[in-house]
Each structure stands twice: as C-alpha cells, then as structure tokens.
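What the coordinates show
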Amino acid sequence: MRVTLAVVLVASVTLTCWNLGRGDVSGFYATSARSMSESWRALLSGAFDPGATVTLDKLSGFAVPQALSVRLLGDSASAMALPQVLEGLLTVWACALVGLRWAGPGTGLLAAVAAAGTPVFVSMFGHPMEDGAVTAALAVALLCWQRWSRTGRWWPLVAAGLAIGLGFQAKMAQAWFIVPALLVGTLVAAEGGALRRIGRTAVFGGVAGIASIAWMLGMQLVPAGDRPYVDGSTDDSVWAMVFGYNGVDRLLPGAWPGAVSTGGRLGAHAFGASSAMPGRTGHGPTGHGGAGFGGTGHAGTGFGGAGFGGTGSGSAGSGGAGHHDLAAAALQHLASNQDGGIGKLFGATYASQVGWLWPTAVVGIVLAVLLLVARRRARGRGDRSGRPDRVGLAGWPPAPSGTAGRPDQVGHLGGALDDRAGRAMLVVLVVWLGTAAAVLSVARLPHTAYVAAIGVQLALLAALGWRAVVDAASAPARSTRVWFLVLAAAQTLWVVRLARTASMPLVLAVPAVALGVAGVAVGLVLVVARTPAGTVATRRVVAVVAAVTVLAGPTGFAMQALDASRDGSSGDASVGTVATHFRQPGASAPFHVSTPEPVGGTVRETSEDRALVTLAHRDGGGRAGAPLFLTDSWRIASDVIVATGRPVLTDGGFSGSVPVFTTAQVRARIADGLHVVVVGAGARADDPVVRALADDHGRCHVTARHGGGSAHTTAARWGGQADAWTMWRCS
C-alpha cells in the first residue's frame, strides 16, 4: 500500500507540475501575494497593496502560503503555485487514508488515484488560486473527523473543526459545505445517550464556527484608521464582504446591506480577474474549444488533434435579477439556464472536470444502502447472518468473522458498514455531496474551480462503488454479480458521452473507451459464468479490471494537462478545450505533450510598466518612501506591484466601486505630498479621484497619457480595459 501510494503521489506531482513554470497567475490575487511577501502588515491584514490600504475582496488565507513561498523562493509562477502542489498532495493522501480506514487498502488506493486523476484537481493544484487550499483543508477535516469517530478522542474532533476554520480563511462559506454533513455524522457516530451526542456535536460546531470567524473578528475590532479598507463592501465591513459580496449576493443580488453587488455583471467581473501577468506564457480570458469527431468546427491535424466529441457549449455568467423583490429575483435566477441551471453539474462544462465518477459513486451508494436495509431487516427477524438476498443481493460475501470494527483489515463493503463509524462516514459523504451539489447547482459560478467542492466526495464514493462491485463479482448468485456489469456499462456509456461533448482528443478517448468496453466484457463473463470469481488470482484480476474501467475516463482526460495549451489557467482551472466562462469554443490545435517546465515563470517589467514607473519617478512619485502613485484602477497598480514590489495606492477595489478613499482623503493625500495620480480610461466623472483632481485649484495637471485614455471617460468599470491611463502631477 505504501509503495503504491508513493507512486500515485509522484504521478500526481508530475502531472500538476509539468507546466508549472509556464503557468499564468490571476493579476489581482498575484498582486496581493506579492504585496504580502513584501510587508508583514500586508500579510497579517490580507492587503492588496504593500502599503496595506485596501484588502482583497476575499479572505486572504489562501494567499498566505503563496506569499511565504514567494518570499523564500523569489517571485515566479512556479513559486506562487508551489503551495497548491503541496495542497494537492495533501488532498490525495487524505483521500487514501480515509478510504483505507473505511473499506481497506484497495479502496484507499482507488480513492487516491481518483482524486489525483480528477481533471479540475490537476489544473487547480497546478495554478495559484484559492480553491486548492479549501479542498485540502476539508479533506484533512474529514480525515480528522474519521479518526475521532473510530477512537472517541477529543483532539481529532477539535482538529476537524480547526481544519474547517482554515478552509474558511481560504474560500469563506464554501468551507461550510461540509459542516451539515459532519454535524449529522457526529450525531450518528457518537456513543452514549442523546445529551452526550449533542455535546460532541456542539463542541465540533463551536470550534468550526469560532475558527472560521476568528480573523474576521480581529479585523473588525481594529479601528478603521489602523487597518486596510475592506474590499467587497461599501461600508468597510468584513461581514458584508464575506457573507454579502461573497455569499448571499451570489444567490440574491442586493440582499446584504453594505455589500458590493455583483448583480448581472458577474460574468464581466470574472473575465476581468483572469488577465495573465506580464512576462509569462499563459492563458488569457479567451481561448479555444475543440472541434471533433461527430461535432462542429475545424479539427486539428494529426490523430491527436481531432476531439472525440463536438464543440462544448460555454455558459456566460448569469445576470442578476435587478428587482427589489428578492423572492422574484431568486425565482428568476433559478429559472435561468444561462449558467447551466439545476443540471449544470452533469453538463460537459463541469462534468468533464469533476463528474466522470458519477455512475460509480451512485452504484456505491445504492449497494451500500441495499446492504444496510438487508441487515436491518435481518436484525428485525433476529437473524444475525444478514440475508442480503432479500433486497436483491443474494450470496453477498460477508465480512470475515472476528474483524468487525476493523475495515482497514476487512477490505469488503460489508466491513466498511459493520460499525457505527463506518455507517456515519457513508452518511457524511452523501450529505456533503448533496449539500455542495445543491448549492453549486443554483449559485452562479465565476470560474470552473468552484466545482472542485464535490471532488473529494465523488472520489471516495466511487472507491466504495468499486469495492462493492468487486465484492459482488465473487457472489454465487448471478443476480448479484450483475452489479459489476451494471457499473461497467454505466461508466463506459458516461465516458463516451463526456468524451464526445467535451472534445476529448482521440488519442486519449479511444483507449479510455476501449478499456471500458473490456470491463463490460468481463462483466458479461461474470454474469453468464456458472461459478463466481472464487480464486484469489481471479478476484485480483476482476479488481484491476474494475479499477481500470472506473478510472480510465477521468485520468485519460486529465492527461491533457501535459499540453500547455490545455492545462487551464489561474482564472479558470479546467483541463481540455471545452468552452467555459473564460474560454470560448473554436478550433483547437492538436493535442501534444509539451516539454516539461516545472520551474520558472519569473515576472519581469514590460516596456509599458517601465515607462509608467519612469514617468512616475520623473514627476516625484516614490520619494522618501512615499507611494509611487495613487490610481483608481487595480489593473494599473497590479502590474507595477507584481513586477517591482513598490507601494501603489489603489482606489475602487476589485469591482471599481469600493470607496477606499473619499474625495477629501485624496485631497489630503495630495496636500501631504502625494505627487502622482494615474487615472484609468474607465473612470467615472463622480469618482473620488477624478473629483479631487477636478477640484485641485490648479495644483494638478496632466503630464502623460497612454493608450488614448481620458481621465473623464464615463465607460463602465466592470471588465473594462485599464491599459489606457492619464498621469497627473500634483504640487
């Protein structure tokens, strides 16, 4: 087990690191990581800029490892992404241990491979973004909770709550997707009477809640003048930023007072966040979807160039309702199909990234429930033998005697459900999967990495499904052995469907489908055979065939990450060429394995950056430790901060509508010696920076323009261009 797991971990690192040095980074969040690497004050407050004048529009826990990595290793794409690689290893390792302790070594290994081969994980853990940290934190929380359920000790339960708190610092309320499941699971798994169970549940919930809001409480208790302005809010409130802008507003725009509303402009907002950093080879906001066999478009040349399926259909960010009636807004949003609707997780865009294992996971849940029902009926009759034939599982192999409570030694589905802890784990995974899937189905998803929230559950439930059909293959009754055929057929058909709709290259799709067909053939043999797979060697062959049938589709699709043009981006972690918010359908180049580049991607100033810095210095910016300049656009500030680490004051936040500075404060800054102000082409006439310049009584004048921009343009700010600017010198 240990040697095989080590091989899986090495393969996982190889896949995620293949193009690590080529990776792009999201300009807004990369700027924060660079700022936090330059200033301890910025690190502690989660600031966007080195001077810590405004925070990110999210909690910054995910960026802390990135900042420390940059501080130690230097500013590069690979240094910034390295923490996510380690988070990926932690996730795979946690899945392996959970599966091992639940249903034996084989289950643990299959869960590890399933997690390592989940396409969105491969892309997400190879790019600097917040989703990797929350995924790893919740996997560790599940592992700690499982240990508590088996030992009854307090520390694993507390550790599980603390892990959820760390996940909250990385991705806020998304870390709470697991909380209902673990609360229910704690009630089920705890020994003793009702008060004892409620007490354990209350302790876990309390630790998770306190750990989640601890940084927020500390931040809000600091006087406003001594901390950065909170982005994502119009009233400098961290609560509005976390629970409004990044929470309720995703479902009900405008419902939380003080939160900047994403409303109908979320799609543009998301596009704006995806800009690649200068000096890096990366994927911008647009890209290409693949054409293919049976689809439309222009296929690439060569055997690997044509996709197995048609062009995927992208989905734009769904618009906000724009109504005062929140109920009507919610209904309109739920009825909208712009973001895929209720079935979005089964469509090509998202299912190709995380949903390959749906059939196997469903089979695992069904067989586990059937076995539990059989046992319950048997206990009602006073029959300790089980009699699963009553629910269509005739001849189900029972767990070996004397191993109850030790599923890590049993290696059977029955052993996984023998004790209270094993049954509670099933409840936890099903509730967690259902909770996350329900929220993702009705919420607007700014980028594909959001669906990683169901990846761990699907990997573990699919491993349970594999364990179940391998058990079924050795049952005497054909009616039970048919479950192997059911899983193989369902999984293979699902792979064919996703391969076609997600434009999987033929060189990867054909072997995946062929292996699935081989699994179906083995299933047919098991059904028609007079005797089951009885010998140890035969059972091992069946287990390997089942594993390959289950894993061929997702791992084959994930192999596209070896192609630098198909490994996703920091703005939208998705493997392949299927259309997403950030990538539009179109002709794609043939699939090919890129030369590995695991290290590098150092950021360098572009000629435009150097010109901007030079002009700012010429006009007096950056003297005596003062900020280089003040700007109304994070886009203008971002490139300069990432390339130089120099402090730049930024108004407007990510959305462009956050009142970081009032007009009076801008005037005061100018009076105190701020010499340079740079205004983007999208600035509104009522912007505080523009108004301060207009009322400067002749102290400020234009000294340079770039890109034909005007300081008084009234263009929309969301997703607008920021490479056009006007420089003002103030004296």
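The notes below deal with the structure included here.

1. Quick notes on the pairing of strand β3 (residues 676-680)
- The element β3 is extensively covered by neighbouring structure, given that five of its five residues are classed as buried.
- The sheet contact formed by strand β1 (residues 630-631) and β3 spans two bridges and is parallel. Note on β3: the bridge partner recorded for T631 is V678.
- Sheet topology places β3 next to strand β5 (residues 725-730); five bridges connect them, and they run antiparallel. Looking at the pairing, V679 lines up with T726 of β5.

2. A few points about a nonpolar patch on the surface
- On the surface, L72, L73, L82 and L86 cluster together into a nonpolar patch covering about 420 Å² of accessible area.
- In this fold, L72 is placed in helix α4 (residues 63-73).
- The class of L72 is exposed, set by a relative accessible area of 73%.

3. So, the state of the cysteines
- Enumeration over the complete set of coordinates arrives at one disulfide.
- A sulfur-sulfur separation of 2.0 Å characterises the disulfide bridge that pairs C700 with C730. One disulfide, between C700 and C730, carries an S-S torsion of 115° and so falls in the right-handed class. Of this pair, C700 sits in strand β4 (residues 700-706) while C730 sits in strand β5, placing them 30 residues apart in sequence. Like C730, C700 is buried.

4. With respect to the pairing of β5
- By the criterion of burial, β5 is predominantly enclosed, with five of the six residues buried.
- Inspection of the sheet shows β4 paired to β5 by six bridges, in the antiparallel sense. Of the residues in β5, the one forming a bridge with A704 is M727.

5. Some details on the side chain of S474
- Inspection of the secondary structure assignment puts S474 in the loop between α20 (455-473) and α21 (478-501).
- Reaching out from S474, the side chain makes a polar contact with the backbone oxygen of D471 at a distance of 2.9 Å.

6. Description of the pattern of salt bridges
- If you walk through the whole model with that rule in mind, you get 13 salt bridges.
- In this structure, E597 and R22 form a salt bridge, with 3.4 Å as the shortest nitrogen-oxygen distance. Placement of E597 in the loop between α23 (536-558) and α24 (607-618) and of R22 in the loop between α1 (2-17) and α2 (27-38) is noted, with a sequence separation of 575 residues between them.
- Assessed through its relative accessible area of 30%, E597 is described here as partly exposed.
- When its relative accessible area of 18% is taken as the criterion, R22 is described as buried.
- A single salt-bridge network, built from bridges that share partners, covers R34, E38 and D75.

The rules we used
Residues numbered from 1 in each chain as written. Predicted model: local features only at pLDDT ≥ 70, side-chain atom pairs only at ≥ 80, totals over all residues. Heavy atoms only, no water. Buried < 20%, exposed > 50% of the residue type's maximum accessible area, 1.4 Å probe, protein only. Helix = DSSP H or I, 4+ residues; strand = E, 2+ residues; numbered from the N terminus. Pairing = 2+ DSSP bridges. Patch = residues over 30% accessible without salt bridge, like charges linked within 9 Å, V, L, I, M, F, W, Y side chains within 5 Å. Areas by Shrake-Rupley, 256 points an atom, 1.4 Å probe, with all protein chains shown as cover. Salt bridge = Lys/Arg side-chain N within 4 Å of Asp/Glu carboxyl O. Disulfide = S-S within 2.5 Å. Polar contact = N/O pair within 3.5 Å; in protein donor to acceptor, adjacent residues only side chain to side chain.

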